[in-house]
Amino acid sequence: MAFNHIFMRSFPGKKFLSTQTDIANHVTSGVEKQAILCPFATTGNGKNHREATTEANNNVPLVQPFESIPGPKGLPIIGTLFDYMKKDGPKINKLFEAYRQRSNEFGPIYKETIASLSTVVVSDPVEYNKVIRIEGKYPVRSVMEPWHYYRKQKNVGQGLVNSNGPEWYKLRTASAKKMLKIQEVSEYCTDMSEVAEDFTQVLLERRNKDNEVVGLKEEVFKWAMESMGTFLFDSRIGLLGLNPPQQSVDFIQNLQGFFRLMSPLTFNFPFYKLFPTSEWRHFQSYADNVFRIGRSFVDKINEEKPIKPQRGEKSSFVQHIRSQESLSENEALSTVVDLLVGATETTSNACLWVIYCLARHPEVQEKLYNETAKVLPTGEKLTADKLLQLPYVKAVFKETLRLYPITFSTSRYMDKDIEIAGYNVPKGIHIQCNLYGVYRDSQYFPDPETFKPERWLKENQMDKDKKALSNLVWGHGARMCIGRRLAEQEIHILMTKIIQKFRLEYHHEPVEAILKTVMTPEQPLLISFIPRD
Ligand code: HEM
C-alpha cells in the first residue's frame, strides 16, 4: 500500500480540519519536551553539528531551532502552493522530482509548507535513521485522506492503513501472524506460480502484430488481484480466464475508479468535506462498491469454508482473520478490504516498472534467463526453496525499486522532539525521507541513473548500510509494509515466468514516472513480448 504524504490538508479552525492536524495533535499530546543534542549529527557543510554550533555560540552547544531549517518561502495559509501552479514550477504529480530539486538547493534537511501542511524532508539516510531508531510502539504515518474521510462517514473502521495507536496495533498483530511468517507466505508459492503462468498465457494471446500487449496495465492489475486472491481466499477469482465472473470484473473496475479519483481528491483542496462534489460522489460510489463486493467475497468464503481448515488444507487469510477472537466482524472485513486495495495498485505498478526496465536492458534479460534456466530447467517446479536460489531475480527487483520507489518517500509524525542534522524538529511535525532523491544520489549509488542490478549482488560487496537503504522502500519499523513478503514473492515468481517464456523489447520513447497515488508510468507501456520458442 502506498501513501501520499502531502496535500492531506489541514486548515486549522475550519470545519474540515484535516486528519493530519488530528494526527499532529494526537502525537503532541502529553509528551514532555526533551533536551536535544546529538554529538554525532553533521550539518549541511559536513561539520559535526556540535562543532558548528559551539563555534558560533562560545562553546555553548545548541541545536538550531525549527524556524532555522532552510526551505522555500511561502505565503500565509497556502504556503508554496503557487509554486506548483507556475508553468515552469515543480509539479504536484511529480512531487518526487520537486523533493530532489529542493534538497539539492537547500541541503540534507529542508522544510516546506504546502497549503498549510508543514513537512520536513530529510535527504541524508544517516540523519533519517534517528527517526527510525526512536519511533515507538505505535508509529504514526500520514493517512490517505479521502479514504480516511470516507470510512469515518460510513463508520466502517479505519482498517490497518489509516488507524493509529492501540486500534492499529490490534489489527496489525492479528494480520502479521499470517502475513509476516515466511512459512505461511511460502505456502502460496505454488498457487502464485499457477497464476503467473496463466498470466503469461494471457500476454501471449493478447499480443498484436508487433507482439505488443495493448492495455498491459489493466492485465497486470488483474494478475495482481488474482495472485493476491490465492492468499486472501485460498481460491481463484477467475480474472485471467476468458469469461471472468462479472462480480470480479466489477470489483476491478471500481477499484480502478477508486484509485483514479484518490489522487485528485488528495491533491486538491478538500471541498468534498464542505459539500459532496461530483468527484467525491463518484469516489464514494466506487468505495461503496469496493466494500460491498469485498464483503461478498468474504461471505462466499465464510459459506464455503469452515473457520478451521480441514486437515491438510491451508487456511486462507479470510479464515485466519475470522478466527482472531480479538477482532470484530467489521474489523476483520475492513482488514481484508484494506489488503485487496493495498495489494493491487502497488504490486501492479512495481511489476510494470520491472517489465519496462527489463525490456530496455537485453543484457540483464539474458543474465536473468540464464539464472532461471539453471535453477529451473524445463519441467522443474517453482518452489520457495528454488526462489532462494535466484539472487539475480531479487537484484533486478531491488534495482527497479531503487529507480522507481513506488511510494517515493517515507512518512512519520514523531511523538517527541527530535534533533535532525543539527535542527530541532518538534513533535507532531510531519517528517519524510526523500527516498527518490537518496536512491538517485551518486554519494550512495555510483552512476545512479543507470539500471545496474549487479550492484546488489553479494560478490560486489555493497556497503551494508547502503544495502539496507533498499529496505526503506517498504517503510520501516513496526509499521513497515505488512505485504512485503507477499509482494516480493509474487513479483519474483512473475519475473521468473515471464523471462522463461519471452524476450522483451521496447521500441518507443523513454517513459517518465508520475504520481497517481503511487509512482506509475506516465504513458501506457507498449512492450513487445516475443516468445522464446
Ligand atoms: C511493491 C509493492 C509494495 C510496496 C512498494 C509497498 C510499500 C508500502 C509502504 C512504503 C508502506 C508504509 C510503511 C511505513 O509507513 O513504514 C506500506 C504499508 C502497507 N502496505 Fe504495502 N507495499 C507494497 C505491497 C503491498 C501488498 C501486496 C500489500 C497487501 C498484501 C500491502 C499492504 C500494506 C498495508 C496494509 C500497509 C499498512 C501497514 C500498517 O500501517 O501497519 N502492501 N506499503
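Definitions and limits used
- Residues numbered from 1 in each chain as written.
- Predicted model: local features only at pLDDT ≥ 70, side-chain atom pairs only at ≥ 80, totals over all residues.
- Heavy atoms only, no water.
- Helix = DSSP H or I, 4+ residues; strand = E, 2+ residues; numbered from the N terminus.
- Buried < 20%, exposed > 50% of the residue type's maximum accessible area, 1.4 Å probe, protein only.
- Contact = heavy atoms within 4.5 Å.
- Areas by Shrake-Rupley, 256 points an atom, 1.4 Å probe, with all protein chains shown as cover.
- Polar contact = N/O pair within 3.5 Å; in protein donor to acceptor, adjacent residues only side chain to side chain.
- Salt bridge = Lys/Arg side-chain N within 4 Å of Asp/Glu carboxyl O.
- Core = buried A, V, L, I, M, F, W, Y, C linked by side-chain atoms within 4.5 Å.
- Expected span 1.5 Å × (residues − 1).
- Arc of directions from axis to C-beta.
- Phe/Tyr/Trp six-rings, centres within 6.5 Å; stacked < 30°, edge-to-face > 60°.
- Lys NZ or Arg CZ within 6 Å of the ring centre and 35° of its normal.

Looking at this structure, how should I read the overall build of the protein chain?
Of the regular secondary structure elements, the protein chain holds 20 helices and 10 strands. Residue burial in the protein chain is summarised as follows: out of 533 residues, 57% are buried. Considering only intrachain contacts with a sequence separation of at least 6, the fraction spanning at least 24 residues in the protein chain is 74%. Surface accessibility of the protein chain: about 23000 Å² in total, with carbon and sulfur atoms responsible for 52%.

Help me out: how do you make sense of the environment of Arg455 in this one?
Of note, Arg455 is situated in the loop between helix 18 (435-439) and helix 19 (464-469). Classification of Arg455 by relative accessible area gives buried; the value is 10%. With 60 residues separating them in the primary sequence, Arg455 and Ala395 have C-alpha atoms 7.9 Å apart. Within the structure, the side chain of Arg455 is placed 3.1 Å from the side chain of Glu399, a separation counted as a polar contact.

What is the right way to read the pattern of salt bridges from this model?
Opposite charge on two side chains makes pairing possible when the charged atoms of those side chains draw close. Going through the model one piece at a time under the given rule, you end up with 34 salt bridges. Linking Lys170 and Glu331 is a salt bridge whose minimum nitrogen-to-oxygen distance equals 3.0 Å. Here Lys170, found in helix 7 (residues 165-179), pairs with Glu331, found in helix 14 (residues 329-359); they are 161 residues apart in sequence, far enough to count as distant. Under the relative-accessibility criterion, Lys170 is labelled partly exposed at 30%. The residue Lys367 makes a salt bridge to Glu454 at a minimum N-O spacing of 2.9 Å.

Please clarify how the nonpolar core should be interpreted in this entry.
One recurring pattern in soluble globular proteins: nonpolar side chains tend to sit buried together. With 154 residues, the main nonpolar core has Trp147, Phe258 and Phe529 as its most contacted residues. Among the elements that line this core, the one with the most residues is helix 14, at 18 residues. Residue contacts for Phe529: discarding those within four places in its chain leaves Leu203, Arg207, Asn211, Val213, Leu216, Ile355, Ile498, Phe502, Arg503 and Leu504.

Please clarify how unusual backbone geometry should be interpreted in this entry.
Where the residue is not glycine, phi is negative for most of them; where a peptide bond is considered, it is trans in most cases. Positive phi, close to 50°, is recorded for Asp234, a residue that is not glycine. Mapped onto the elements of the fold, Asp234 is located in the loop between helix 10 (216-233) and helix 11 (246-267). Exposure remark for Asp234: the relative accessible area of 18% places this residue in the buried category.

Explanation requested: helix 15 (residues 362-375) in the structure shown.
An α-helix turns once every 3.6 residues. As a result, residues three or four positions apart point the same way. In this model helix 15 runs 20 Å from its N-terminal to its C-terminal C-alpha over 14 residues, within 8% of the 20 Å that 1.5 Å per residue would give. Listing the buried residues of helix 15 in full gives Val364, Gln365, Leu368, Glu371, Thr372 and Val375. Along the long axis of helix 15, the arc covered by the buried residues comes to 130°, so they all point the same way. Of the surrounding elements, those touching the buried residues of helix 15 are helix 14, helix 16 (384-388), helix 17 (391-403), helix 20 (484-501) and strand 7 (502-506).

What is the right way to read the packing of aromatic side chains from this model?
Between two aromatic rings, the relevant description is the distance of the centres plus the angle of the planes. Within the structure shown, the criterion is met by 29 aromatic pairs. Centre to centre, the rings of Phe445 and Trp456 are 5.7 Å apart; their planes meet at 45°, and the pair counts as tilted. Remark: Trp456 occurs in the loop between helix 18 and helix 19 and Phe445 occurs in the loop between helix 18 and helix 19; sequence separation between them is 11 residues. Classification of Phe445 as buried rests on a relative accessible area of 1%. Since its relative accessible area comes to 6%, Trp456 is described here as buried. Through a chain of ring-to-ring contacts, three or more aromatic side chains come together here, namely Trp147, Tyr149, Tyr150, Phe258, Phe259, Tyr272, Trp280, Phe283 and Phe291. Its guanidinium or amino end placed over the ring of Tyr169, Lys137 lies 4.7 Å from that ring's centre, counting from NZ or CZ.

How should the side chain of Lys94 be read in this particular structure?
Examined against the element boundaries, Lys94 turns out to sit in the loop between helix 2 (49-56) and helix 3 (95-106). Residue classification places Lys94 among the buried residues on the basis of a relative accessible area of 16%. A distance of 3.0 Å separates a polar side-chain atom of Lys94 from the backbone oxygen of Ala513. Beyond its immediate sequence surroundings of up to four residues, Lys94 is in contact with Glu512, Ala513, Ile514 and Glu522.

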